[in-house]
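# Inside the fold
Take a look at the letters that make up each chain.
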Amino acid sequence: MTESNDTPAAAAPEKTPTENGTTETPPEETPEKATEEKEKEKETPPPKEMRAVVLTGFGGLKTVKILKKPEPTVGEGEVLIRVKACGLNFQDLIVRQGAIDSPPKTPFILGFECAGEIEQVAEGVTNFKVGDQVVALPEYKAWAELVAVPAQYVYKLPSGMSPLDAVAVTTNYVVAYLLLFEMANLTPGKSLLVHSAGGGVGQAVAQLAKTVSDVTVFGVCSKTKHEALKANNNNIDHLLERGSDYTSEVRKITPDGVDIVLDCLCGEECNRGYSLLKPMGRYILYGSSNIVTGETKSFFSAARAWWQVDKVSPIKLFDENKSLAGLNLRHLLFQQGRVDYVRRAVDHVFALWGEGKVKPLVDSTWALEDVGEAMQKMHDRKNIGKLVLDPSLEPKPKPATPAKEKKSGKDKKPAKENSEDKKDKENKEEEKKPAENGEKNGEEPMSNGNSDEESKKEEKESS
C-alpha cells in the first residue's frame, strides 16, 4: 500500500431523523448567525475584579504583588465579606518565606485575618445575615477587597467595635487569652515573663494578665521600644532588654524565678525560659520567629533554632515539677477542628472589650499597596502594637526617580541661540575660512601670474 497525499474530501453533513421518519440535512452556519453569536459574547459582561495582595512566589518582598483578581463566589456554608480592615501577623512573614507547614501553591492571596460587612449569605448559613459587621479568620485569602469564608470561621462584632479594632483584637487577644487562661492557668499572685512584649500579642498578654489581681509581668523587647512602652501605660512591671542577660535581672527581682514563660521566639530562648521556671511553673511556646532572620527562607536559621533547644525528657519534668506546652492557633482551627473551642475564646475576649478591660494598641495603618513596607517594619521588630491594612486608604506617594542622562553627547540637543549670537558666530566662521586657493597658516599663495586658461594653452603648444 502507498500513502496518498491527496486531501480527503469533506464528509457530508449527517442527516437527522424528523418526527415523521424522514431525514433532513442540518442547516449550515451562515455568516449572519456567526455575527449574532459574536454580538451575544460582547453583551456578556466580563467578570468583576477586585484588588488583592498576592504572593507570586516564596521569598522576599518582591514576591508580594497587588493584583486584580476575580471576585470570589460563595459556596454552601459560606458568607461573602466586603473587607474594611486586615490584620498583619508574624505568621504572614513566615508564609511569605515558605517556612510554614503545607503552604498552598503560588500564586495565592495572603492573609489570615480580616473584618468588614457581609454582602452575601449562601445556603446552609443561619447565624448571619446581609449587613452584619463581622471579623473572620480564614486560612489565607483575607487580604483582598472581598473574601468568601466558611461561616464557622466568622464572628459577629459587638456593638461599637470598628473593623480596625476587630482585627487589632481578635487574633492577638484570642492567642493571649488561650495562653493565659486555658493553658497557663493564671491565678492571683503569679508572675510571668513574655517575649516580644512590644508586639501585638505581647501587649494583649500584658493587658489580659492585669485583669487578674497581683500579677507581676516581665516583658522582654528591644531597648529602642522601652521609652515608648513606658509612656503608653503598657501594664508591664519590668521591661528587660532583648539580647541581654535578662535571666540575671529577673533573678535579682524574684530569686525563685517566674511561674509562667510565654515564648514566641524559640531557639536558645527556650533554654533560658525553662531555667527561669519555679516548681509548678509552665513554659509555653506559641511561635518561632527566630527562624525569620533574613528576607528569605534560611534552612540554616531553622536548623540552628531547632538544635539550640535542649531536649527535655518526661523524667526531668517529673523530677522538677515543671510543664512544657505549645499553642498553634492555625492548627487548632484548620487541622484539629476545635472551632467551638476558639469561638468561646473569641466571645470571652469580646466581652472583656465591651467591659473596657482591654483596649488594643494599633501601631499603624497601611494601604494594600504599602504592605511590603508594613511587612518590613514587622520584620525589623519596630512595631509597637498591631499593624493593620486598610483597602480604602490611598498608597503613599512614591519618590520621583531622576531622569537618566544620555551617555552620548550626540543625543543632547544644542541650546537655543538668539539672533545676535548667531550673526557673530557666522562672521567669525567667515573670517577663519581659508581662501579658495588653499591659503594656509596666514601665508599668501604662490602664483606664476598665468590664468588657468593660459596655462592650458601653453601645455597644448608645448605638446
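Preceding this paragraph is the structure being described.
The present account deals with the structure reproduced in this document. Note that the structure is a prediction, hence the values are computed from the model and not measured.

### Here we look at the side chain of R51
The topology assignment puts R51 in strand β3 (residues 49–55). Within the structure, the side chain of R51 is placed 2.6 Å from the side chain of E369, a separation counted as a polar contact. Of note is the side chain of R51, whose polar atom sits 2.5 Å from the backbone oxygen of P391. Aside from chain neighbours lying at most four places away, what touches R51 is L67, K68, A144, E145, L368, E369 and P391.

### So, the sheet that holds strand β6 (residues 108–109)
Through backbone hydrogen bonds, the strands of a sheet pair up, either in parallel or in antiparallel fashion. Taken together, the three strands give an open sheet; going across it, the order is β4-β3-β6, and neighbouring strands pair in antiparallel fashion. Every other strand in the sheet has two partners, leaving β4 (64–70) and β6 as the edge strands with one partner each.

### Comments concerning the packing of aromatic side chains
Taken as a whole and judged by the stated rule, the model has five aromatic pairs. Measuring from ring centre to ring centre gives 5.3 Å for F108 and Y140, while their planes differ by 70°; the resulting arrangement is edge-to-face. Pair noted here: F108 is in strand β6 and Y140 is in the loop between β8 (133–136) and β9 (146–150), with a separation of 32 residues, a long-range link. Judged by relative accessible area, which is 10%, F108 ranks as buried. Centroid distance Y153 to F334: 4.9 Å. Interplanar angle 70°. Geometry classified as edge-to-face. In this pair, Y153 is assigned in the loop between β9 and β10 (154–156) and F334 in helix α10 (residues 329–335), connecting sequence segments 181 residues apart. The same class applies to Y153 as to F334, namely buried. An aromatic cluster of at least three residues, connected via ring pairs, comprises F58, F108, F112 and Y140. Of note, K322 hangs over the ring of Y274, and the distance from its end group to the ring centre comes to 4.5 Å. Above the plane of the ring of Y341 lies R338, whose end atom (NZ or CZ) is 4.8 Å from the centre.

Calculation notes
- Residue numbering note: each chain is counted from 1, following its sequence as written.
- A pLDDT threshold of at least 70 governs which residues receive local features in this predicted model, and a stricter bar of 80 or more applies before side-chain atom pairs are shown or counted, although totals over entire chains, interfaces and linings include all residues.
- Only hydrogens and water are set aside when side-chain values are computed; all heavy atoms of the structure are taken into account.
- Secondary structure counts use DSSP, requiring at least four H or I residues in a row for a helix and at least two E residues in a row for a strand, with both numbered from the N terminus.
- Two N or O atoms form a polar contact when they lie within 3.5 Å of each other; inside protein one atom must be a possible hydrogen donor and the other a possible acceptor, and for residues adjacent in sequence the pair counts only when both atoms belong to side chains.
- Any two residues whose heavy atoms approach within 4.5 Å are treated as being in contact.
- At least two DSSP bridges between two strands are needed for those strands to be called paired.
- The rule is short: rings of Phe, Tyr and Trp, with Trp giving its six-membered ring, pair when the centres are within 6.5 Å, and they are stacked under 30 degrees, edge-to-face over 60, tilted in between.
- Between buried and exposed lies partly exposed: a residue is buried under 20% and exposed over 50% of the maximum accessible area for its type, with that area taken using a 1.4 Å probe on protein chains only.
- In this analysis the charged atom, NZ for Lys or CZ for Arg, is taken to sit over a ring once it is within 6 Å of the ring centre and within 35 degrees of the ring normal.

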